[in-house]
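Coordinate inspection notes
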Amino acid sequence: MDNKIVYSVIAPIYNEVGNIPELYRRVKETLQKTGEAWELLMVDDGSTDGSTDEIRKLAAQDEQIKPVIFARNFGHQLAVTAGLDYSQGQAVVIIDADLQDPPEVILDLISKWKEGYEVVYAQRSEREGESWFKLISASLFYRIIYRITDINIPMDTGDFRLLDHKVVEVISGMRERHRFLRGMSAWVGFKQTGISYKRATRYSGVTKYPFKKMLKFAIDAITSFSYFPLQLAMYLGFLTAGISIIAIPVVIILRIVGLHAFLGQTTTLIAVLFLGGVQLISLGILGEYIGRIYDEAKGRPLYIVREAPSKDK
Ligand code: UDP
Ligand code: MG
């Protein structure tokens, strides 16, 4: 087969109607330069702003556009997962639909892939027009992840990356529900490298990651790759037990000497509230993990498609 697809580009789309034509134009312009066969998977993650029709319109004009239309909003990570599942290329690129990841950078990713790298991630050297809150929370997030997990997730990378089809197959086989794809793609190993790029501002529209989604994403990332929060309860337990073991003889000696320290209700109340708080937080952390176990046990499909290309890999 000559027209076997070499490059698949996956763009998750949630209400990005203003970005779709420009995304198509720039991806097409870039991939045409390779002279090889390509496809652009537009995964519509339950859009309500007319993105769906825009995708269908493009697909009717150009058979290289492959629409994957979800039955409802399942979230960014699951939209990308669907793209991976339906991709047919030898190399698969994940890109944001809002053009914050410049499509032209795909050529740099490809040249590293041609050198034999199987995962090429794009590292942001600069970020234009992001709020200070986003910058600080993102930097904190990467540093925490780096400290408490065993996998080495490169700093300041997003999902903008190229994966060889071997890697795509492995990740597609990992059917965990709460997905942190950049962690998964680091976890699998293979030959990895990065290139740096300048992250642009959004072309049109506003961010689809409000604080609540960001928080859920961060908790998913941590719980998927670390038991540290569970161990935290134990550490705190040892710490408070340690403090009381030291405190008991200290108070006894002070009493013998005639100094009456730590009297009254306030001290008792503070101790009780502190421990109560610690216990509730620990229970909550346990709950996060148990809820995730329950989700996995139900074994529901990760996403539901209304329309999708045929899966003939
Ligand atoms: N996205 C999605 N489903 C969602 C939220 C976002 O498919 O529930 C897509 C969105 O359309 C965009 C990409 O994920 O292509 C990244 O989202 P966004 O640009 O809003 O995130 P930010 O760049 O602000 O972190
Ligand atoms: Mg964005």
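Preceding this paragraph is the structure being described.
1. With respect to helix H8 (residues 211-225)
Its 15 residues give H8 an end-to-end C-alpha distance of 21 Å, which sits within 8% of 21 Å, the value for a rise of 1.5 Å per residue. Of the positions making up H8, those classed as buried are Met-214, Phe-217, Ala-218, Asp-220, Ala-221, Ile-222, Thr-223 and Phe-225. Its buried side turned inward, H8 meets helix H3 (76-86), helix H5 (132-148), helix H7 (181-187), helix H9 (228-257) and helix H10 (264-298).

2. A closer look at the coordination of the magnesium ion (ligand 2)
Around the magnesium ion (ligand 2), the protein contributes the donor atoms Asp-98 (OD) and Gln-100 (OE1), at 1.9 to 2.0 Å from the metal centre. Like Asp-98, the residue Gln-100 is buried in the burial classification.

3. Brief notes about a nonpolar patch on the surface
Together, Tyr-227, Leu-230, Leu-280, Leu-283, Leu-286, Ile-290 and Ile-293 line one region of the surface with nonpolar side chains, adding up to about 740 Å² of accessible area. Here the nonpolar patch takes five residues from H10, the largest share from any one element. Within the secondary structure, Leu-286 sits in helix H10. Note on Leu-286: relative accessible area 40%, which makes it partly exposed.

4. Things to note about unusual backbone geometry
Even without a glycine there, the phi angle at Leu-99 is positive, about 65°. Tracing the backbone shows Leu-99 in the loop between strand E4 (91-94) and helix H4 (106-114). Assessed through its relative accessible area of 3%, Leu-99 is described here as buried. Positive phi is not limited to glycine here, since Phe-190 has a value of about 65°.

5. With respect to the site of ligand 1
Around ligand 1, the structure places 19 residues, and the nearest of them are Glu-16, Asp-45, Asp-98, Thr-207 and Lys-208. Note that a nitrogen atom of ligand 1 is positioned 2.6 Å from one of the side-chain N or O atoms of Asp-45. Expressed as a share of its isolated accessible area of 530 Å², the protein-covered part of ligand 1 is 95%. Per-class residue counts for the shell around ligand 1 are five nonpolar, five polar and nine charged.

6. Description of the packing of H5 against H8
Relative to each other, H5 and H8 sit at 10°, their axes nearing to 11 Å. With respect to each other, H5 and H8 are oriented roughly parallel. When H5 is examined against H8, the residues Phe-133, Lys-134, Ser-137, Phe-141, Ile-144, Ile-145 and Ile-148 are found in contact with a partner set consisting of Phe-211, Met-214, Ala-218, Ala-221 and Ile-222. In the contact of H5 with H8, the residues fall into ten nonpolar, one polar and one charged.

7. Quick look at the pattern of salt bridges
Throughout the structure, instances matching the rule amount to 22 salt bridges. The partner of Glu-29 in a salt bridge is Arg-25, and the shortest N-O contact between them spans 3.3 Å. Of this pair, Glu-29 and Arg-25 both sit in helix H1 (residues 20-32), separated by four residues, roughly a single helical turn. Accessibility expressed as a relative area gives 38% for Glu-29, which makes it partly exposed. Assessed through its relative accessible area of 41%, Arg-25 is described here as partly exposed. The salt bridge involving Lys-166 is made with Glu-118; its shortest N-O contact spans 3.2 Å. Remark: Glu-118 occurs in the loop between H4 and strand E5 (119-127) and Lys-166 occurs in helix H6 (residues 165-173); sequence separation between them is 48 residues.

The rules behind each value
- Residues numbered from 1 in each chain as written.
- Chains lettered and ligands numbered in written order.
- Predicted model: local features only at pLDDT ≥ 70, side-chain atom pairs only at ≥ 80, totals over all residues.
- Heavy atoms only, no water.
- Helix = DSSP H or I, 4+ residues; strand = E, 2+ residues; numbered from the N terminus.
- Expected span 1.5 Å × (residues − 1).
- Buried < 20%, exposed > 50% of the residue type's maximum accessible area, 1.4 Å probe, protein only.
- Contact = heavy atoms within 4.5 Å.
- Donors = N, O, S within 2.8 Å, 3.2 Å for Na, K, Ca; no water.
- Patch = residues over 30% accessible without salt bridge, like charges linked within 9 Å, V, L, I, M, F, W, Y side chains within 5 Å.
- Areas by Shrake-Rupley, 256 points an atom, 1.4 Å probe, with all protein chains shown as cover.
- Salt bridge = Lys/Arg side-chain N within 4 Å of Asp/Glu carboxyl O.
- Near = heavy atom within 4 Å.
- Polar contact = N/O pair within 3.5 Å; in protein donor to acceptor, adjacent residues only side chain to side chain.
- Nonpolar A, V, L, I, M, F, W, Y, C, P; charged D, E, K, R; others polar.
- Axes fitted to C-alpha atoms, helices over the stretch in contact; angles between N-to-C directions.
- Parallel < 35°, antiparallel > 145°, perpendicular 65-115°, else oblique.

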